[in-house]
Amino acid sequence: MSERVHNFGAGPSALPLSVLQQVQAELLDYAGTGMSILESSHRGKAYDEVHQRTTRDLKTLLGAGDSHEILFMGGGARSQFAIVPMNLLLGGGSADYITTGNWSVMALAEAKKQGSARELWSSVAVGNDRVPAPGDLEPDPRAAYLHYTSNNTIAGTQYHYVPKTGAVPLVCDMSSDILSRPLDLSLFGLIYAGAQKNLGPSGVTVVIVRKDLLERSSARLPDTMSYARMAAKQSLLNTPPVYAIYMVGLVARWLLEMGGAEAVGRQNEQKAGLLYGTIDGSGGFYRGHAQKDSRSRMNVTFRLPSEDLESSFVASAAEEGLVGLKGHRSVGGIRASIYNAVTLEAVEALTQFMAEFQRKHG
Ligand SMILES: *Cc1c(COP(=O)(O)O)cnc(C)c1O
């Protein structure tokens, strides 16, 4: 086997090594069934246990009581940009959207196709280098819901508070920071997250929806896009993405064994602290993209003095086994994604590389 690299890719992204090893060990014969879970019926006992346990473990990690349902859906987070308004907006009213990056801009555009939605606040004009301060927001108290993106994967910004909306349901695209820190689920009407950043592989989107909101799903919606229909069938309306859910279950187990969202949150703070410390201590050689109080603990975005140096940084890093560092084309520069499964050791290797690179080129 070739040596494994330190993967800082934005998504699909690093998975815990112990999870990959378990997947490998169980691939041909899952739990003594004599077949792979890939080959098992989604109506059979082996998969049913996986499905129920994954749901239960996610509920434990999220601190979900009986108030919220957990759904497993296909189509990625981007499909939710449309499915959220299809379910929550078709009854009428208008939704508020905060646009702080490419994903939330797309979410608003999809909502406008389905009904009435307005931009409540935006950082697009300032290059998405920040999220709003709590005092910047004046949500419509009659809005059907308020939608925001808790972590902006591309720009590298993140909310460090939960917007207050009163009785208006809060909807959050948490694709790139779900379960990266503790969360008060009671503040949310609906959360969705593509699994491929912090929860597992691509192919499944986890949706957490407050039960009373299921009443908004019109009976005229396609069954597979109706939260109410999916909830009534425990996400087994049609064949679910069995393998992706199985892996999300293993990642959830790994998180529980580590001590849950609090423990991983402390580790994520430490990892981000190391990287931002290196940026801030570089005397301006490395320049962070995000304003300090909006900095993401998941995607650390920064620039170097020139684009040539940035290309050379990415190439030299790859030679040292540090990969996935090229920034998104819309922001440029470098992006180090340090999701839950990226180890402290990987981040230390990166900060050492950054110091050396600066010594050579600064
Ligand atoms: C990656 C990402 C998406 C898109 O996810 P898909 O599963 O590819 O549709 C949406 N929102 C955020 C915040 C993301 O990071």
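These numbers come from a predicted model, not from an experiment.

Engineer: What is the right way to look at the domain arrangement of the protein in this model?
Structural biologist: In many reports, interface size means the accessible area that the parts give up when they come together. Assigned domains within the protein: domain 1 (18-258) and domain 2 (260-361). One C-alpha centre belongs to domain 1, the other to domain 2, and the line joining them spans 27 Å. Contacts between domain 1 and domain 2 engage 29 residues on the former and 26 residues on the latter. Taking both sides of the interface into account, the surface hidden between domain 1 and domain 2 amounts to around 2100 Å²; carbon and sulfur atoms contribute 52%. It is Asp129, Ile154 and Met258 in domain 1 that bury the most area against domain 2; as a group they hold 23% of the surface buried on that side. There are zero salt bridges connecting domain 1 and domain 2. Summed over the shared surface of domain 1 and domain 2, the number is 15 residue pairs in polar contact (both at pLDDT 80 or more). Elements supplying a minimum of two residues to the side of domain 1 that touches domain 2: strand S6 (151-152), strand S7 (157-158) and helix H6 (242-258). Here the side of domain 1 that touches domain 2 takes four residues from H6, the largest share from any one element. A per-class count over the side of domain 1 that touches domain 2 returns eleven nonpolar, 13 polar and five charged.

Engineer: I'm lost on unusual backbone geometry in this one. Help?
Structural biologist: Residues Gly11 and Pro12 are joined by a peptide bond in cis, for which omega reads -10°. Relative to the helices and strands, Pro12 is located in the loop between strand S1 (6-7) and helix H1 (17-26). In the Ramachandran plot, Leu179 falls in the positive-phi region, its phi being about 60° despite a non-glycine side chain. As for its position among the elements, Leu179 is in the loop between strand S8 (170-173) and strand S9 (190-194). Located in the positive-phi region is Gln234, a residue other than glycine, with phi close to 50°.

Engineer: Teacher, can you tell me more about the sheet that holds S8 here?
Structural biologist: Sheet strands line up and pair through hydrogen bonds in the backbone, either parallel or antiparallel. If you trace the seven strands from one edge of the open sheet to the other, you get S2-S10-S9-S8-S5-S3-S4, paired in mixed fashion. For this open sheet the edge positions go to strand S2 (68-73) and strand S4 (116-122), each flanked by a neighbour on one side alone. On average, each strand axis in the sheet is inclined to that of its neighbour by 20°, with strand direction left out of account. Pairing analysis gives five bridges linking S9 to strand S10 (residues 205-210), with the strands arranged antiparallel. When the sheet's bridge partners are listed, Gly194 is paired in S10 with Thr205. Across the sheet, helix H2 (residues 45-62) lies against S2 and S10, angled at about 130° from S2, the strand it touches most. Seen against the sheet, helix H3 (residues 76-88) touches S2, strand S3 (94-99), S8, S9 and S10 and runs at an angle of roughly 160° to S9.

Engineer: Is there a simple way to explain the environment of Gln80 in this structure?
Structural biologist: Its location among the elements puts Gln80 in helix H3. As a C-alpha pair, Gln80 and Leu62 span 18 residues in sequence and 20 Å in three-dimensional space. Leave out the neighbours within four places in its chain, and Gln80 touches Met73, Pro85, Tyr192, Thr205, Val207 and Tyr227.

Engineer: What should I look at first to understand the site of the ligand in this one?
Structural biologist: Every one of the 13 residues lining the ligand counts as a neighbour, but Arg78, Thr153, Asp173, Gln196 and Lys197 are closest to it. Here an oxygen atom of the ligand sits 3.0 Å away from a polar atom, N or O, in the main chain of Ala77. Contact distances for the ligand include 2.9 Å between an oxygen atom and a side-chain N or O atom of Gln196. Look at the ligand: alone it shows 390 Å² of surface, and the protein chains cover 87% of it. Here the shell around the ligand takes four residues from H3, the largest share from any one element.

Engineer: I'm lost on the packing of H2 against H6 in this one. Help?
Structural biologist: For any two helices packed against each other, the geometry comes down to the angle between their axes and how far apart the axes lie. For the pair H2 and H6, the least separation of the axes is 9 Å and the interaxial angle reads 45°. In terms of axis orientation, H2 runs oblique to H6. Crossing handedness for the pair H2 and H6: left-handed. For the pair formed by H2 and H6, the contact residues are Tyr47, Val50, His51, Arg53, Thr54, Asp57, Leu58, Thr60 and Leu61 on the first element and Val242, Ile245, Tyr246, Val248, Gly249, Ala252, Arg253, Leu255 and Leu256 on the second. Its residues assigned to classes, the contact of H2 with H6 shows eleven nonpolar, four polar and three charged.

Engineer: Where do I start with the layout of surface pockets in this structure?
Structural biologist: Taken as a whole, the largest pocket spans an internal volume of roughly 480 Å³. What lines the largest pocket is a set of 20 residues, among which Arg4, Leu15, Leu17, Ala341 and Thr343 lie closest to the centre. Among the elements of the structure, S1, H1, H6 and helix H9 (344-361) are those that each provide at least two residues to the lining of the largest pocket. For the lining of the largest pocket, a count of residues per class yields twelve nonpolar, six polar and two charged. The two domains that each donate at least three residues to the lining of the largest pocket are domain 1 (18-258) and domain 2 (260-361).

The rules we used
For every chain, the first residue of its written sequence is number 1, and the numbers climb from 1 along that sequence. With the structure being a predicted model, the display of local features is reserved for residues of pLDDT at least 70 and the display and counting of side-chain atom pairs for 80 or more, all residues being used for whole-chain, interface and lining totals. The side-chain numbers reported here are obtained from all heavy atoms of the structure, hydrogens and water having been left aside. The split into domains, and so the bounds of each, comes from an automatic or database assignment of domains. The contact rule is simple, with two residues in contact once any of their heavy atoms fall within 4.5 Å. By buried area we mean the combined loss of accessible area, with a 1.4 Å probe, across both parts when two parts are placed together. Whenever Lys or Arg places a side-chain nitrogen within 4 Å of a carboxyl oxygen from Asp or Glu, that contact is recorded as a salt bridge. Pairing of N or O atoms within 3.5 Å defines a polar contact, subject to two protein rules: one partner must be a possible hydrogen donor and the other a possible acceptor, and residues neighboring in sequence count only if both atoms are side-chain atoms. The secondary structure listing takes helices from DSSP runs of H or I that are at least 4 residues long and strands from runs of E that are at least 2 residues long, numbered from the N terminus. Three residue categories are used. Nonpolar comprises Ala, Val, Leu, Ile, Met, Phe, Trp, Tyr, Cys and Pro, charged comprises Asp, Glu, Lys and Arg, and polar comprises the others, including Gly. Strand pairing requires that DSSP identify at least two bridges connecting the strands. Where helices are involved, their axes are fitted lines through C-alpha atoms of the stretch in contact, as for all axes, and angles between N-to-C directions lie from 0 to 180°. Near is defined per residue: the residue qualifies when any heavy atom it owns lies within 4 Å of the molecule or strand. With residues, only the protein chains shown are counted as cover, and all accessible areas are computed by Shrake-Rupley using a 1.4 Å probe. Roughly parallel covers angles under 35 degrees, roughly antiparallel covers those over 145, roughly perpendicular covers 65 to 115, and oblique covers all other angles. The sense of a crossing depends on the near helix, which, turned anticlockwise from the far helix by less than a right angle, makes the crossing left-handed and, turned clockwise, makes it right-handed. Cavity: a set of points on a 1 Å grid over the protein atoms alone where a 1.4 Å probe fits but cannot get out. Pocket: an open set with protein on both sides within 12 Å along at least five of seven lines, its lining residues, like those of a cavity, having an atom within 4 Å of a point. Grid points are joined across faces, edges and corners, and a volume is the space filled by probe spheres set on the points.

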